[in-house]
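# Coordinate inspection notes
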Amino acid sequence: QVQLVESGGGLVQAGDSLRVSCQASGRYYTVGWFRQAPGKEREFVGWIRWRDGTTNYTDSVKGRFKISRDIASRTMWMQMNSLKPEDTAVYYCAASTNWDLSFDYWGRGTQVTVSS
């Protein structure tokens, strides 16, 4: 059983930085971030392969967001820089217990709001 708990969301201004965290218990191959803005579908943001730290990001956040993890504490972070109003969303931590990156466990989400 995998349990995911996000933290670190908040209200910032455009251009600011924010770091969100995910505490991930259980066994999994990959942990990632998704986000959902009001009135929009949930979208992929990025993931990190737990074993070797390989990361992947959606194009809109490349160069601005960075995912890292600490194996011992089972914590994943996403550092978000140069935030834009369009980054406003509920950010969800998700875990994949399969090699095919099908994310099958989800956290409850943390709100990130970027004002212009």
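In what follows, the accompanying structure is described. (Residues numbered from 1 in each chain as written. Predicted model: local features only at pLDDT ≥ 70, side-chain atom pairs only at ≥ 80, totals over all residues. Heavy atoms only, no water.)

A probe matching the size of a water molecule, rolled over the atoms, marks out where space remains unfilled. The computed volume of the largest pocket comes to approximately 150 Å³. Along the walls of the largest pocket sit R27, Y28, Y29, R49, W50, R51, T97 and W99, which together make up its complete lining. Partitioning the lining of the largest pocket into residue classes produces four nonpolar, one polar and three charged. (1 Å grid on protein atoms, 1.4 Å probe; cavity = no way out; pocket = protein on both sides within 12 Å on 5 of 7 lines; lining within 4 Å. Points joined across faces, edges and corners; volume = space filled by probe spheres on them. Nonpolar A, V, L, I, M, F, W, Y, C, P; charged D, E, K, R; others polar.)

Moving on: the nonpolar core. Side chains of nonpolar character tend, in soluble globular proteins, to be buried together. Ranked by internal contacts, the top residues of the largest apolar core, which has 28 residues, are W33, F65, M76, M78, M80 and Y91. For this core, the elements supplying multiple residues, two or more each, are strand 3 (18–25), strand 4 (30–36), strand 5 (43–49), strand 7 (65–70), strand 8 (75–80), strand 9 (89–96) and strand 11 (110–115). When near neighbours in sequence (up to four residues on either side) are disregarded, Y91 contacts E6, W33, F34, R35, V45, F65, M78, M80, G109, T110 and V112. (Core = buried A, V, L, I, M, F, W, Y, C linked by side-chain atoms within 4.5 Å. Buried < 20%, exposed > 50% of the residue type's maximum accessible area, 1.4 Å probe, protein only. Helix = DSSP H or I, 4+ residues; strand = E, 2+ residues; numbered from the N terminus. Contact = heavy atoms within 4.5 Å.)

Attention now goes to unusual backbone geometry. In this structure, R74 is a non-glycine residue whose phi angle is positive, near 55°. By the element assignment, R74 lies in the loop between strand 7 and strand 8. For R74, a relative accessible area of 32% gives the class partly exposed.

This next bit is on the environment of W77. Here W77 lies in strand 8. Through-space distance from the C-alpha of W77 to that of I67 is 5.6 Å; in sequence the pair is 10 residues apart. Not counting residues within four places of it along the chain, the set of residues in contact with W77 comprises R19, V20, S21, W33, K66, I67, S68, R69 and D70.

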